[in-house]
Every structure is written in C-alpha cells, then in structure tokens.
Amino acid sequence: MNAQAPTPGETPADPVLAGRARALHIAKRLQRVGYIGFAAALVVFFIGIVIGLDDATATIIVVFLGVGSLFLLPGILLAYSVKGAARHEEDEAAVRRPTRGDRGPGPRS
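Given the structure is predicted, the values throughout are model-derived calculations rather than measurements. (Residues numbered from 1 in each chain as written. Predicted model: local features only at pLDDT ≥ 70, side-chain atom pairs only at ≥ 80, totals over all residues. Heavy atoms only, no water.)

Topic: a nonpolar patch on the surface
A surface patch of nonpolar side chains, about 480 Å² in accessible area, is lined by Leu42, Phe45, Phe46, Ile49 and Leu53. In this structure, Leu42 sits in helix α1 (residues 15-51). Looking at Leu42, the relative accessible area reads 48%, which means it is partly exposed. (Patch = residues over 30% accessible without salt bridge, like charges linked within 9 Å, V, L, I, M, F, W, Y side chains within 5 Å. Areas by Shrake-Rupley, 256 points an atom, 1.4 Å probe, with all protein chains shown as cover. Salt bridge = Lys/Arg side-chain N within 4 Å of Asp/Glu carboxyl O. Helix = DSSP H or I, 4+ residues; strand = E, 2+ residues; numbered from the N terminus. Buried < 20%, exposed > 50% of the residue type's maximum accessible area, 1.4 Å probe, protein only.)

Describing the pattern of salt bridges
Side-chain pairs of opposite charge can arise whenever the charged atoms involved come near each other. Scanning the model with the defined rule gives one salt bridge in all. A salt bridge links Glu89 to Arg20; the nearest nitrogen and oxygen atoms lie 3.2 Å apart. Taken as a pair, Glu89 in helix α2 (residues 55-96) and Arg20 in helix α1 lie far apart in primary sequence, 69 residues in all. Residue Arg20 is classed as buried on the basis of its relative accessible area of 18%.

Describing a positive patch on the surface
Among the surface-exposed residues, Lys28, Arg29, Arg32, Lys83 and Arg87 lie close enough to one another that they form a single positively charged patch. In terms of residues, the positive patch owes the most to one element, α1, which gives three residues. Positionally, Lys28 belongs in helix α1. (Lys, Arg positive; Asp, Glu negative; His and termini not counted. Charge placed at Lys NZ, Arg CZ, Asp CG, Glu CD.)

See below:
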C-alpha cells in the first residue's frame, strides 16, 4: 500500500489515511495551544520582571505553564505516533517489494 498523503482540504479514500490525517490535525492544534501557553507564560514573566513580580503574576505564569504542558505533551506524543505509524507502514511495504535480484529468471547478458 503506497498511498500518497492527501493535500490539505482533500479527504483520502483510505480510512486509515483519513484517520491519520485527522489525528495529525488534532496533534498540530494541541501543539499550537501548548506553545501559545508557554509563550504567554514567558511574556507574563518578562512583564513581571519589568513591573515587579508578585504572587498574582507568579500564579498566572504557573497556570500558563500548566496549560501549555497539558496540551503540548499529548500533541507531541500524538504527532510522533502518527508519523511513526506511517514510517512503519512504508518500511513494511519496502520489505514486501521485490528487489532487482528477486525477479526470477530472465535474459542473461
């Protein structure tokens, strides 16, 4: 099975590829939200350094870091698992594909 990856907006005919495309889309969204959480924590930290860190600022930073971690970890794991499954399928297809020496008897030079 050597199927091409669908272009954005195109639905693949193979349900496995469709599921992988959906999972990869979800993973990218999770990663985006996670990185936004870390970026927001960083921005609040530097604002806190300039205007003075207090308990409320530290709490906001910790909340943003927690939200970022909560979304980023599953996003990264999901993306790696989808990419790993695709790579495994390609490797399996390469093993099943005959090599040049396996074509059987033919004209000899």
